[in-house]
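# Chains, contacts and geometry: an overview
Listed below, chain by chain, are the residues.
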Amino acid sequence: MPAHVPPVADERDGLLAYLTQQRQALRATAHGLTDEQARLTPTAGELSIGGLIKHAARCEAGWTDLILQRQRGPQRAADESDADEFRLAPRETLAGVLDQYEAATRETDEVIAGITDLGRPVPVPQGLPWFPADVPAWSVRWVLLHLIEETARHGGHADIIRESIDGATLFPLMAAAEQWPDPWFQPWEAPAG
């Protein structure tokens, strides 16, 4: 049934299936939006759908880098703002950040597929206030659970933002974006005009 995780065979399958479901929901909030709409911040905060997807892509890439113990480019300093990570910049497009998100999620899935032990330690970066100083390592399992949590939280933000933009809600958006066969919701359609 669309919008539900199918039966799972084991822990890895279950974690990846729930992560995939949350990714699909986040992507669906962007269905049918223009770049201008993806930049809108219609709620009390500064979050936009385009910015949230951009952040989710960077988040997945960052956690995959931690798992692999690699560093791509400069890291954000402890006193540096992350506000730009949550904004779709003037030169960025919704299609571009969706492509970045797709590439990041594909890499995460490939990396996880190659790890035999989900209990494998992932060293916690030290000296940054958003990482605990008293925890030496997480497990790959913990990282996957965190990605599910992070994606779901930002998907909820995106749901509220999207409804504020044009009244669209998740299941009609998913039915339209994924072209559900025999949907139980009327698929979302772009307003005429």
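Residues numbered from 1 in each chain as written. Predicted model: local features only at pLDDT ≥ 70, side-chain atom pairs only at ≥ 80, totals over all residues. Heavy atoms only, no water.

### Comments concerning unusual backbone geometry
Convention followed: Strands are runs of DSSP state E lasting at least 2 residues, helices are runs of H or I lasting at least 4, and numbering of each runs from the N terminus. Relative accessible area decides the class of each residue, using a 1.4 Å probe on protein chains only: under 20% of the type maximum gives buried, over 50% gives exposed, and in between gives partly exposed.
Phi is positive for Gln69, close to 55°, though the residue is something other than glycine. Within the secondary structure layout, Gln69 lies in the loop between helix 3 (49-68) and helix 4 (94-113). In this structure Gln69 comes out as partly exposed when scored by relative accessible area, which is 49%.

### Overview of the environment of Arg58
Note the following rule: For this analysis, residues touch if any pair of their heavy atoms sits within 4.5 Å.
Residue placement: Arg58 occurs in helix 3. Judged by its relative accessible area of 40%, Arg58 falls in the partly exposed class. Arg58 sits 42 residues away from Gln100 along the chain, and the two C-alpha atoms are 8.3 Å apart. Once you skip the residues sitting within four places of it in the chain, Arg58 turns out to touch Glu85 and Glu92.

### Observations concerning the nonpolar core
To be explicit about the condition: Side-chain atoms within 4.5 Å are what join buried Ala, Val, Leu, Ile, Met, Phe, Trp, Tyr and Cys residues into a set we call a nonpolar core.
Counting residues in hydrophobic clusters, the biggest one holds 20 residues, and the most contacted among them are Trp63, Ile67, Ile112, Val140 and Leu144. Ranked by residue count, the leading element in this core is helix 5 (residues 140-166), at 5 residues. Beyond its immediate sequence surroundings of up to four residues, Trp63 is in contact with Phe131, Trp138, Trp142, Val143, His146 and Leu147. Among the nonpolar cores identified, the runner-up in size contains 17 residues, and Leu52, Ile53, Ala56 and Phe86 belong to it.

### Comments concerning helix 3
Just so we agree on the cut-off: One less than the number of residues in a helix, times 1.5 Å, gives the span that helix is expected to have.
With 20 residues, helix 3 extends 29 Å between its outermost C-alpha atoms, agreeing within 8% with the 28 Å of an ideal straight helix rising 1.5 Å per residue. Among the 20 residues in helix 3, 17 count as buried, and that is most of the element. Just downstream of helix 3 lies Gln69, where phi reads positive at about 55°.

### Some words on the pattern of salt bridges
For clarity, the cut-off: Each reported salt bridge corresponds to a side-chain nitrogen of Lys or Arg within 4 Å of a carboxyl oxygen of Asp or Glu.
This model, assessed by the stated rule, comprises 12 salt bridges. The partner of Glu149 in a salt bridge is Arg153, with the nearest N and O atoms 3.0 Å apart. Placement of the pair is Glu149 and Arg153 together in helix 5, with a separation of 4 residues, close to one helical turn. With a relative accessible area of 38%, Glu149 lands in the partly exposed category. A single salt-bridge network, built from bridges that share partners, covers Arg23, Glu60 and Asp109.

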